[in-house]
Amino acid sequence: MIALTIHHKTTYRYHRPVRLNTHRLMLRPRESRELRLLSTHLTVIPEAVVTWAHDVFGNAVATATFQGPTDHLVVDSVAKLELDAIAWPVFDVAASAASYPFPYLPDDRADLGALAIQQYPDPVGRLRLWAEAFVRSRPTDTLSLLKDLSAGITGWVRYQSREDEGTQSPIETLDRGWGSCRDFAVLFVEAARGLGFGARIVSGYVYNPEREAESSTTHAWAEVFVPGAGWITFDPTNRSVGGFNLIPVAVGRGIHQVTPVAGSFIGMNDAFQGLWVDVSVTSKRHAAPVT
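Analysis parameters
Residues numbered from 1 in each chain as written. Predicted model: local features only at pLDDT ≥ 70, side-chain atom pairs only at ≥ 80, totals over all residues. Heavy atoms only, no water. Patch = residues over 30% accessible without salt bridge, like charges linked within 9 Å, V, L, I, M, F, W, Y side chains within 5 Å. Areas by Shrake-Rupley, 256 points an atom, 1.4 Å probe, with all protein chains shown as cover. Salt bridge = Lys/Arg side-chain N within 4 Å of Asp/Glu carboxyl O. Helix = DSSP H or I, 4+ residues; strand = E, 2+ residues; numbered from the N terminus. Buried < 20%, exposed > 50% of the residue type's maximum accessible area, 1.4 Å probe, protein only. Expected span 1.5 Å × (residues − 1). Contact = heavy atoms within 4.5 Å. Pairing = 2+ DSSP bridges.

A.B. asks: Even after reading the chapter, I still don't get a nonpolar patch on the surface, so can you show me in this structure?
C.D. replies: Taken together, F272, L275 and V277 make up a surface patch of nonpolar side chains, about 220 Å² in accessible area. The topology assignment puts L275 in strand β18 (residues 272–285). With relative accessibility at 31%, the residue L275 sits in the partly exposed group.

In structure tokens:
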């Protein structure tokens, strides 16, 4: 078990005072069997009225409402948690889904809904053809196919960090041959959907013990629903399976639904000065409990 502290600070600055519209904040880690949230503290400057709710995916969403003009906005979040995920998980896939292709049960298909439908235009089926190249045979092992698809992305696309907002479409990522973690996640999810899987985007943080002293960033990856095993984590950026070093904050159908800080302002066109994001993920290892 690892005790982690996540400090995420987002700063916006403006050349002249603006009026901030309501902002949507998704910064509280998602608790699960593998993640225990110990405490969270959220500070918003200038002073705001902050309310909390859960969205349709069960994500904790804070809504900040502001009064009066300001030339800056600071959103500062500190979360302390315990992570107890294993490095090499074994997935208990149902016998009916062990080989691809397989049909989802009617209830699963209905509940997955839009999560099993491609969200980006692909009029000539180019993305589906690209994904089909990873299907070695019919039938083929389901987990092996998904692992090959996730790992195969780095064979086609070069990773490149990108600080500007927005996400490339899957076709843009394939054409350009480079992308950020969110581009990788979107490409994987859309390709998996093209093969008939239910998949969703995840945003959060990655813990890297070898680079703990360095400034970190937010991270994006994917989950695919496989009967029996449930939601399986795939991180195509790091060619990994399972959530051993990942701290999820939000899940959604599309990347736009899991943005950590989202909002707008009313002011002159040239009012915006810049955006700065500082993230640190630090640890303190716990001894395993005696049983």
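A.B. asks: Help me understand helix α5 (residues 181–194) in this model?
C.D. replies: Given 3.6 residues per turn, any residue in an α-helix points the same way as the ones three and four places further on. End to end, α5 covers 20 Å across 14 residues, agreeing with the expected 20 Å (1.5 Å per residue, within 8%). In terms of burial, α5 is a largely internal element, 14 of the 14 residues being buried. G196 sits one or two residues past α5 and shows a positive phi near 100 degrees.

A.B. asks: What's the story with the environment of P227 in this structure? I'm lost.
C.D. replies: Tracing the chain through its elements places P227 in the loop between β12 (218–226) and β13 (230–235). As a C-alpha pair, P227 and D108 span 119 residues in sequence and 8.6 Å in three-dimensional space. Not counting chain neighbours up to four residues away, the residues in contact with P227 comprise D92, V93, A94, A97, F102 and Y104.

A.B. asks: I'm lost on the pattern of salt bridges in this one. Help?
C.D. replies: Oppositely charged side chains are able to pair whenever their charged atoms sit close together. Going through the model one piece at a time under the given rule, you end up with 11 salt bridges. The salt bridge involving R136 is made with D148; its shortest N-O contact spans 3.1 Å. Here R136 is found in the loop between α2 (126–132) and β8 (140–141), whereas its partner D148 is found in helix α3 (residues 142–156), with 12 residues between them in sequence. Where R193 meets E190, a salt bridge forms, and the shortest distance between an N and an O atom there is 2.9 Å. Note that R193 and E190 are positioned in helix α5 at a spacing of three residues, about one turn of the helix. The class of R193 is buried, set by a relative accessible area of 4%. Through salt bridges with shared partners, a single ionic network connects R128, E132 and R138.

A.B. asks: What exactly am I supposed to notice about the pairing of β12 here?
C.D. replies: Within a regular strand, the side chains alternate between the two sheet faces. For β12, the buried fraction is high: eight of the nine residues fall into the buried class. When strand β11 (residues 198–206) meets β12, the two strands line up antiparallel, connected through eight bridges. Across the sheet, Y205 pairs through a bridge with T218, a residue of β12. Both β12 and β13 contribute to a ladder of five bridges, which runs antiparallel. Bridging across to β13, E223 finds its partner in T233. Between β12 and β13, which pair antiparallel and follow one another directly, the connecting turn spans three residues, one of which, G228, has a positive phi of 90 degrees.

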